[in-house]
Structure formats: C-alpha cells, structure tokens
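Examining the three-dimensional arrangement
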Amino acid sequence: MKITEYIKKNTLILDGAMGTLLQGAGLSAGEMPEGWNVTHPDIIESVHRAYFDAGSNMVCTNTFGANILKFSAEELEKIISASVKNARAAAMTSKGSQKKWIALDIGPTGRMLKPLGDLDFEDAVAVFAETVRLGVKYGVDLIFIETMSDCYETKAALLAAKENSKLPVFVSNAYGEDGKLMTGADPLAMIALLEGMGADAIGVNCSFGPDALTSVVEDYLKYSSLPVILKPNAGLPRVNGDRTFYDLSPGDFADSVGRLTERGVRAVGGCCGTTPEYISALVSRVADINPLPVKKKKITLASSYTHAVRFGDAPVLIGERINPTGKPRFREAVKSGNLEYILREGIGQEEAGAHILDVNLGIPGIDEATTLTDAVCRLQEVTSLPLQIDTADTCAMESALRRYNGKAMINSVNGKTESMAAVFPLVRKYGGLVVALTLDENGIPKTAEGRVEIARRILVEAKKYGIDKKNIIFDPLAMAVSADKDAAIETLCAVKMISKRLHAHTSLGISNVSFGLPARDKLNAVFLVSALERGLSAAIVNPYSAEVLDVYRAHLALSGYDVNFEGYITSVTEQKNNVEYNITDLKTAVIKGMKEKSAILAAELLKGKAALDIINGEIIPALNTVGDGFEKKTVFLPSLLMSAEAAGAAFEVIKSAMPPEQKSVGCRIVLATVKGDIHDIGKNIVKLILENYGFDVTDLGKDVSPERIVKEAISLDARIVGLSALMTTTLTAMAETVKLLKKKAPACKIMVGGAVLTEEYAREIGADFYGKDAMDAVRYAENVNKN
Amino acid sequence: MIDNLVFVKSFYLPPVDRREALRYAGVREEIPEITSLLDSCIVEVDGRLSAKVCYREYELSTLDAYLDLGFARTDSSALRKALDGCKKIILFCATVGVDMDRLIARYSIASPSRSVMLQAIGTERVETLCDEFCKQIKEEKISFGQSVTKRFSPGYSDLPLALQRDIFSALNPEARIGVVLNESLIMTPSKSVTAIIGIKM
C-alpha cells in the first residue's frame, strides 16, 4: 500500500529523534551523525528498529545533513546507500507488524539563499536534487523534507524532490515563538506554497513541545487541504547540573500530541529529545482515535515569503504600474538594465495601498525571460507583497515562476487550446493562482453569456491538469466604453454571472474601461465600485489614483470590511509633515533634504523657468553647498543623502520637461560590488550622488562576477567602472576584476572604494583612482569627463 | 544535529540609544532634519526585531603554543591576553533578526538616507543585545563568586575571522536562531555578532 493511501484512512505514526539517541551512543559534539550510517551501521539500524518496535509506520533515514555541501559525491553516495540499507534492515527485523515505510530525510543546507545569503536558488535545488536522486536510487519509499526554517529553501527542496522522483513528498517546517519561520513566513504562506507545488502532506516539527505549537497546528488544520504532520520536541531543554534534558515526559508528550490528533492531525511523531519510549506512549494514546477526514478547503490564496493574500474577503487591489504601456522612461530604463525604476514603482504602490503587484515587462527587443525573472527577484528584495507575473511569453513565465519565492499570481491563461496547454502545466508544477481571460480562438465574446461559457470550458480543461477552481481567477475583460457604449455593462454582467453561477473569483483590469476618454480616474472609480457591488474579488488598478483609492476605502467601510472605520478615517485625515515648514525656495529645500517639498517647488518653478536654469541655478548650487560641507565634515552622511534624494525628486519632475539630450552629461559609469561581497550601501550612495550630477549610472548590483562586469562595461561603452568591496576576503575578487578590465577594456577608467580599501592597495591592484567617499567619486568622474 | 548544551534566549531590548545610533550613522551634531529621520526610523524598526542569543560554556585550557577554547584552538595573543586568568569561556552568537536586513534593502532603493540610519540603528540594536546578554551572564556568574571579561569577537586584533567556521559548527546557530555563515565569512542576518566572554573563578 502507498503511504498516501494509508494516511487517508489512518493516523500515520512517525519516528522520534535520531541525534538524541546517537549522542547517548557516543556521538561527539561536532561529529557528523550521517557518517555513522557507514561507520556504525549496527547502531543506526538498532535505533530505527527501536522505533519500528515502538510502532512507527515511517522512519526517516539518518540523512538530515547529507548533501553535497557537506560531503564529497563519493561519501554522499556511501552514506545514503548505507542509510537506506540500515533502515530497511530494521524494518525487516523489527517485531512490529504494522505497515512500514522508509523516508529519505532531508534537512536544511545550513546556508541562506540569496538575496539574504549567498546560496543561489538553483544551486540549492541542485544540492537537494543530488540527495533525492541517491535516495531514489537506493529505494526509499518517500521523501521527508523537515525542519526547514526558510520559505525559499523549502521551495528549492520540494522542487528538487518533484523534479527527480515520483515519490510522495512530505514537508515539515520549523516555526519560531512568533508563529513564523526564521525568515518570516506564516503558516498560511507555507500552506499556499506547498499545496500549490504538490506536496502530499505538510506540517510542523522541532522548535518546541506540542503545546507551544498548538496555534500553528490549528492554522494548518483550518486551511490545509492536505494531511497535517506534527513532530514536535519533547518540550524545552532544561539543565540539571551538567546534564540537560527535555521537560516533557513520554506520557505528557503523548497526551498533548494526542489532543491535536483528535482535532485532525494525521501524521505524528517526535523531534529533539524524543525516544522510542515517547513513540510507544504516542501509539497507545492515538490508537483509539478515529481519524477525522482530511477536507478540501476552498480558500483562494496568493503568497509571498512572509504572508498570503486571501481572495473572497475584502476585495484585493493589484497595482498595475509595473507595465511599460505608455511609459517611454520605463522602457528606456529596462532596456538599459536599470531595474531600480521598477523597484521604486513597487515600493511606491505598496505604500499607496496595493496588496499585490502586477509585473509586466513586455518590451519588444529584450530578453524577457531574463529581465522578468531578474525583476521578480529584485522586487522580492524590497517588498513582501505577492507578485502577479504578467507575460504572454511562457518561457519568461516559467523562468519567473520558478524563481518566485511563494505562490505567485499568473497573468494569464485564456480559453485558447494553445494557451491552456502552455500555461496549465506550469501552474501544476510551480503552483500559482492563475488569471483566466474569457476569450478564445474566436476572440472576446460580446455578451456576458459568451464569456461565462468560455470560463466554464476553462474550468473543465484545468481540472484535467488537477488545477482546482480555487486556483483560477476569471477576468471577463474590461473594454473601452469609448469604442462600444455597452462594453462596461456586459463586463459587469459577466462578473456577476461568474461569481453567482460558477462560484468562482473574478478580477478586472479596471483602467481599460476609460481608454480614450478624458478624466479617466473618475470613470475608473465608478466602474470599480460597480464591479465590486457585483462580487468582484480583485481589481488591477493604479494605486496612485486618489479617486480609485477613495471609492475603494469607502466601499470597505460600507461593506463591513473596515472594522471601526480605521482605514477610512486614516485615509481622509490629512497627514501633516512638520519638518517641511515654510521653505519656499528649491535650493533651501534641497539643502534641508526635503523630498516632497523639492518636487513641488520644482514643478512650480517649471511654470516660469527653463529646466536647465532650474538645475544650474538651484539644484547644482544646493548640491555643491552640501557636498562642500560634507568634505569639510560639517555636513554628515545622512544629511548628504537626504539632500541627494530631494535633488532626485526635483530632477524627476524637471526631466519630464527636458529634451533627452540635455538629461545627462553623457558619461556612462558602471558600478558594482565585487563577487562574494553582499554589501551594497556604499555603492548605492555613490550611485545616487553621481546621478545627481548628471552621470548615466548603470548599477550591476552586488556579488557581481568579474566576467559580467567586463561584459557590461564593454557593451555599455562605459567611461568609468566603479568597484566596491567591504570585506578583506573579497579584495581578491576586486583585484581580479581590475585585471580583467585592464585586459579587455583598457580605455575604461577604474575607480574603487569601500571600507577596507586603502589608496595604496588600490594602486597596487592597478585601479586608476581610489575614492574615499561619494563626493570624491563625483570629482574624479567630472575630471575624466572633462578630458 | 541538536546538541543539548547550547541554550537559546530571547530578549526585549531597552529603547534605542540615540547618541550611539547617530554615532554609527556618522552624525556628530544633531539637526532637526536628522532628529526627524532618526525618530521615524526608530518607529519603523519597533516591533520588527527578533533579538535572540544562543550560547554555550566551554572549558578553557591555556597551553604554551596555543589556547584551547574547547571548540577550537587559536594562537591569537590578543585573545590570550584578554582571557588571562580565565578557566572557562562562554561562546555566543547574537542577532536581531532578518527583518532589519529587509528594511535596509528596501530603503537602499526607496531612500538611501533612511537606509544609512537603519544600518546605524541595526548596529546599535545588536550591540545593545550583546550588552544585555553579557550583563545577564555577569550577574549570574557574580552570584557564584565568579567574574567575567569583556566580549571578544573574531576579527578583533589578531583573532582571525576564520574562527567563525568553528564557532558555527560549535553553536549551530543556523537551526537555533537563524544565523548562517556565508562563504566569505559574512553572517546573515547582517546585524549579528559572535563573541567570547572569559569567566574567572
């Protein structure tokens, strides 16, 4: 019998701790327990056998840390082969008559994935894949991914398991006192991710005793459609003289786990501090519990690495601004590899009130798969909102979905056979909440009835891929009323029909309705309210539109979603900024570092002055004043940056009024933090100040290889390359980069900086200039540009 | 695997020491714009930190050629001097959590001045966490008639940063408090500290 069948009708008994027992058997601190599979097979086998004798249905191989980061390929194969053999031998020789399975145990790598750490996602997938392949080769029955404390690493492990085996996969996470993983994910976010990717059972282990995990387990029982696992510690460790012990007795442990089993947990065992005695007690405690059925939950979720957004409660706002349509500067920025523009749009929309961000980089002539994936990863560094991956290119869609940390929204599939055949397999593999447009080979039906018909067909087709209705959001397509006066009415009608007849969720790109008409926000706002009244679950909107946000908040207040009207009241109460007192000239506003005020004053000045006059007469003198002060140490770094940001805000406004040839001084600078180094604040400061002075800066980010820096410097025809390093350990990478640049791009000037650098070292590695701070870099760049 | 002799403690930190934070931000004279920036950053950080320490006690042996720290050996003369007269050490790893890094990353795009201030607050927070932890240890040891030395971290003086690898295999802070060591010996979360305190009998 397959374990996935067994768990449908029975409570599955797992094993207890391995490490605890091995320490008892003489494993010394710092020694790798996995090695004992080979050196002490008899002991490992006896531990497994003790668990089988106690009544475990499933034991985990002694392979928690068995991966190619810790062992050589040869060692790893020996360890995994021996570990499976030991567990098998135990199953054969145990006196227990229960059903028995052997799970390949996979724990965390011990490294942190990028962007927080330095392990690349695909490298993590490859590490887990190697362990999985060996587990499959030596004949395990299933894969047990456990004690994962990071959402992204959990995804990497599950993906590796799915791609390299057809075995059932159980996934268990370790939660902290705050009910979240170490890197911030809550249970709902993990449930969304793991269910979407096709785990067979999910739950929690380690961390604490069973009682402290109750609220997390309750969330799993409430929201998960999969069997729930609970494998807690034997309480908390305590010291008694030189001895440490866990504070729950086998009886108390079994009792607490038993109570949660009565409420629906389907796979129970123990983690740190538990022994066969605990499992014995647990077996007796749960023997008479009639397992509750595992029910499908109908909740619709999209998630990020911290939280999930739920559809069907308060309507969800999806920010539409990361989209090149009608935005020449956006296109220009993306084409030149500058993703910061996008990141700022992401943060801005989040601050304005969006719950999810649509990400569309459909620009002709770019490598969309690479750019979209990059943008998704970079956005996930600066915002924790779930993203909606919006592309017609299925390669780009797959690449971005794969890297996405969480369960993404996917925009979109439609009723065309070809579209469904391309998109549904991706939803099936990576998970996702997919937006389905109600159009097909014959175009968009004019009537609501026709669109609902397509929706029905999409549901039928999705089912063939195992994609549930809850993971589809229908978009019955908002069309311009300027082209067809009945367009809005039919769309609204379709929203109502889909929600009432199909009991499915809907989303609309609101802004389309007003295309071709003036004062579009007014129309958008009323259209939004009308759609919300008809049951719309989500709306793609411009979150910067005051009209749209106002009606949205009013709708929440009137529909009972805004408890105590807090959201509504806050939104209508004017926010006073008490620092921006009575400053009326742009120069002072920039010197004082007032961002919003500078933008407003720049806009006013533009009415009577030429753009260049404002820059040369107000902004540059202000920057010089602050820059001089900084060099003389009368102005400090935060003030310098505040001024730079204020100048940047003024530039934003002024640039829109300038012809392109005046926008820069025509000197391209490429900046990067060198390979191995993940510090980028210094480099970011230099970039900001250089941009203020009109330089075209391309920022390659942090941890950038010498090859990539050289390639970009050549392709962008950079005059200057600026390199930053903050660690003594990464100075060698800087030296390597300089060497390669001098060889491949000899005309390019190299300036270097960073905390550990000295002028002497800079000279030694062949750099052209050492800058002690951002102003130094500006002066040097100005010099290079003059010559 | 979980070794039972390492302990984990969570802390509630006292309010931010503004002068220290400003010092880390390179500000030597407070002006209204800076005060307002600092205040709003402190508000934003509030409630987002997760201050934790994991630690373990080791016997210390002072030999001719090197110090045996119980989890590793070192020939650092500065550490030898700092631990002069000690019989035991406490090795610890402290962190204020990963959200500080996320805030810093977000504002490095949205507002670099804020990012610099958050960096400074993060440094102040993790130093304060170490102070709080050391204070507790000191009080505990004093009650046994013992005394403690100041904390000493890898990278200070001649104690090599490479000791981090031994510290990480001894404490396993990855599993306990979510601190990992990257290949270039940088810790994530970045606002984390490892250090040694000496105990005199």
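Take the overall build of chain A next. A count of helical and extended segments in chain A gives 30 helices and 25 strands. The C-alpha atoms of chain A give a radius of gyration of 30 Å, which matches the 28 Å a tight globule of 787 residues would have. For chain A, the spread of C-alpha atoms along the principal axes amounts to about 90 × 75 × 50 Å. The 787 residues of chain A split such that 57% are buried. Summarising the internal contacts of chain A: among those between residues at least 6 apart in sequence, 74% fall at separations of at least 24. Element-wise, carbon and sulfur atoms account for 52% of the exposed surface of chain A, whose accessible area totals about 31500 Å². When the 89 basic and 97 acidic side-chain charges of chain A are each reduced to a single mean position, those positions are 4 Å apart.

Secondary structure assignment for chain B yields seven helices and 10 strands. The C-alpha radius of gyration computed for chain B amounts to 18 Å, which stays within 12% of the reference 17 Å derived for 201 residues, consistent with globular compactness. Seen through its C-alpha atoms, chain B measures out along the principal axes to roughly 55 × 35 × 30 Å. Long-range pairs, those at least 24 residues apart, make up 75% of the contacts in chain B with a sequence separation of at least 6. When the accessible area of chain B is evaluated, it comes to approximately 8500 Å², of which 50% is carbon and sulfur surface.

Right, let's talk about the packing of aromatic side chains for a bit. Overall, the coordinates contain 13 aromatic pairs over all chains when judged by the stated rule. Seen from their ring centres, Y175 of chain A and Y220 of chain A are 6.1 Å apart, and the 80° between their planes marks the pair as edge-to-face. Highlighted residues: Y175 of chain A in the loop between β5 (169-173) and α8 (187-196) and Y220 of chain A in helix α9 (residues 214-223), separated in sequence by 45 residues. For the pair Y175 of chain A and Y220 of chain A, one class covers both residues: buried. Each ring, one from F253 of chain A and one from Y278 of chain A, has its centre 5.4 Å from the other, and the planes form 80°; the classification is edge-to-face. Highlighted residues: F253 of chain A in helix α10 (residues 250-262) and Y278 of chain A in helix α11 (residues 276-286), separated in sequence by 25 residues. Each member of the pair, F253 of chain A as well as Y278 of chain A, is classed as buried. Taken together, the aromatic side chains of F7, F11, Y55, F92 and F133 of chain B make up a single cluster linked through ring pairs. When the ring centre of Y24 of chain B is taken as reference, the NZ or CZ atom of R23 of chain B above it lies at 5.0 Å.

Attention now goes to the nonpolar core. Within the largest apolar cluster, 189 residues are counted, with the highest numbers of intra-cluster contacts made by I145 of chain A together with F92 and F133 of chain B. Sort the elements by how many residues they give to this core and helix α5 (residues 112-143) of chain B lands first, with 10 residues. Here this core spans two domains, since at least three of its residues come from each of domain 1 (3-286) and domain 2 (300-312 + 386-572) of chain A. Dropping the residues within four chain positions of it, F133 of chain B is found in contact with F11, V53, Y55, I90, F92 and I197 of chain B. Core analysis: the second largest hydrophobic core is formed by 44 residues, A589, F651 and I689 of chain A together with V116 of chain B among them.

This brings us to the sheet that holds strand β2 (residues 58-60) of chain A. Spatial strand order, β1-β10-β7-β6-β5-β4-β3-β2 (chain A): eight strands in an open sheet with parallel pairing. Across the chains shown, the open sheet's two edge strands, defined by having one partner strand only, are β1 (12-13) and β2 of chain A.

On to the domain arrangement of chain A, then. Along its sequence, chain A is organised into domain 1 (3-286), domain 2 (300-312 + 386-572), domain 3 (586-655) and domain 4 (664-786). A separation of 47 Å is found between the C-alpha centroids of domain 1 of chain A and domain 4 of chain A.

In this section: a nonpolar patch on the surface. A contiguous nonpolar patch, built from F565, Y568, I569 and V572 of chain A and spanning about 370 Å² of accessible area, is present on the exposed surface. If you trace the backbone, F565 of chain A turns up in the loop between α20 (546-558) and α21 (566-572).

Here the focus is the sheet that holds strand β13 (residues 316-322) of chain A. Residues and elements named next belong to chain A. Taken in spatial order, the eight strands close into a barrel running β13-β14-β15-β16-β17-β18-β19-β20, and their pairing is parallel. On average, each strand axis in the sheet is inclined to that of its neighbour by 30°, with strand direction left out of account. Strands in contact with helix α13 (residues 340-352) are β13 and β14 (356-359); relative to β13, the strand with the most contacts, it is inclined by about 155°. Of the strands in this sheet, β15 (387-390) and β16 (409-414) are in contact with helix α15 (residues 394-403), which crosses β16 at around 150°.

This part covers the side chain of T438 of chain A. Here T438 of chain A shows up in the loop between β17 (433-437) and α17 (448-464). Since its relative accessible area comes to 0%, T438 of chain A is described here as buried.

Here we come to the side chain of T214 of chain A. Residues and elements named next belong to chain A. Along the chain, T214 turns up in helix α9. Judged by its relative accessible area of 19%, T214 is buried. Those residues in contact with T214 that sit more than four places away from it in its chain are L260 and R263.

Keep in mind that low pLDDT regions are not for reading the predicted coordinates in detail. On average, chain B scores 93 in pLDDT, and the residues at 70 or more come to 98%. Scored by ipTM, the complex comes to 0.90, with pTM at 0.91.

Next up on the list: the interface of chain B and chain A. Opposite the 50 residues of chain B that make contact, chain A presents 53 residues. Between chain B and chain A, roughly 4500 Å² of surface is buried when both sides are summed, and carbon and sulfur atoms account for 63% of that area. For the pair chain B and chain A, the number of links is four salt bridges. The partner of E350 of chain A in a salt bridge is R106 of chain B, and the shortest N-O contact between them spans 2.6 Å. For the interface between chain B and chain A, the tally reads 11 residue pairs in polar contact (both at pLDDT 80 or more). Sorting the residues of the side of chain B that touches chain A by element identifies β1 (7-11), α2 (32-45), β2 (51-59), α4 (99-110), α5, α7 (173-177) and β8 (180-181) of chain B as the ones contributing at least two each. Of the residues forming the side of chain B that touches chain A, the biggest block, eight residues, is contributed by α4 of chain B. Partitioning the side of chain B that touches chain A into residue classes produces 24 nonpolar, 13 polar and 13 charged.

Attention shifts here to the packing of α2 of chain B against α5 of chain B. Residue and element names in this part refer to chain B. It is the contact of α2 with α5, at a shortest axis distance of 10 Å, that shows an interaxial angle of 65°. Classified by chirality, the crossing of α5 by α2 is right-handed. Across the interface between the two elements, I34, L37, L38, S40, C41, I42, E44 and V45 of α2 pack against S113, R114, M117, L118 and I121 of α5. Partitioning the contact of α2 with α5 into residue classes produces nine nonpolar, two polar and two charged.

With that settled, the discussion passes to helix α6 (residues 121-137) of chain A. All names here are of chain A. Between the first and last C-alpha of α6 there are 24 Å, a value that for 17 residues agrees with the 24 Å anticipated at 1.5 Å per step. Considered for burial, the residues of α6 that qualify are F121, A124, V125, V127, F128, A129, T131, V132, L134 and G135. Buried residues along α6 sit against α5 (73-93), β3 (101-106), β4 (142-148), α7 (151-164) and α15. At the N-terminal end of α6, a side-chain oxygen is found 3.0 Å from the backbone nitrogen of E122, two or three residues along, and the residue is D120. The first or second residue beyond α6 is G139, which carries a positive phi of 90°.

Cut-off values and rules
Residues numbered from 1 in each chain as written. Chains lettered and ligands numbered in written order. Predicted model: local features only at pLDDT ≥ 70, side-chain atom pairs only at ≥ 80, totals over all residues. Heavy atoms only, no water. Helix = DSSP H or I, 4+ residues; strand = E, 2+ residues; numbered from the N terminus. Rg over C-alpha atoms; globule rule 2.2 N^0.38 Å. Buried < 20%, exposed > 50% of the residue type's maximum accessible area, 1.4 Å probe, protein only. Contact = heavy atoms within 4.5 Å. Areas by Shrake-Rupley, 256 points an atom, 1.4 Å probe, with all protein chains shown as cover. Lys, Arg positive; Asp, Glu negative; His and termini not counted. Charge placed at Lys NZ, Arg CZ, Asp CG, Glu CD. Phe/Tyr/Trp six-rings, centres within 6.5 Å; stacked < 30°, edge-to-face > 60°. Lys NZ or Arg CZ within 6 Å of the ring centre and 35° of its normal. Core = buried A, V, L, I, M, F, W, Y, C linked by side-chain atoms within 4.5 Å. Domains from an automatic or database assignment. Pairing = 2+ DSSP bridges. Patch = residues over 30% accessible without salt bridge, like charges linked within 9 Å, V, L, I, M, F, W, Y side chains within 5 Å. Salt bridge = Lys/Arg side-chain N within 4 Å of Asp/Glu carboxyl O. Axes fitted to C-alpha atoms, helices over the stretch in contact; angles between N-to-C directions. pLDDT = per-residue confidence, 0-100. Buried area = accessible area lost by both parts, 1.4 Å probe. Polar contact = N/O pair within 3.5 Å; in protein donor to acceptor, adjacent residues only side chain to side chain. Nonpolar A, V, L, I, M, F, W, Y, C, P; charged D, E, K, R; others polar. Left-handed = near helix turned anticlockwise from the far one by under 90°. Expected span 1.5 Å × (residues − 1).

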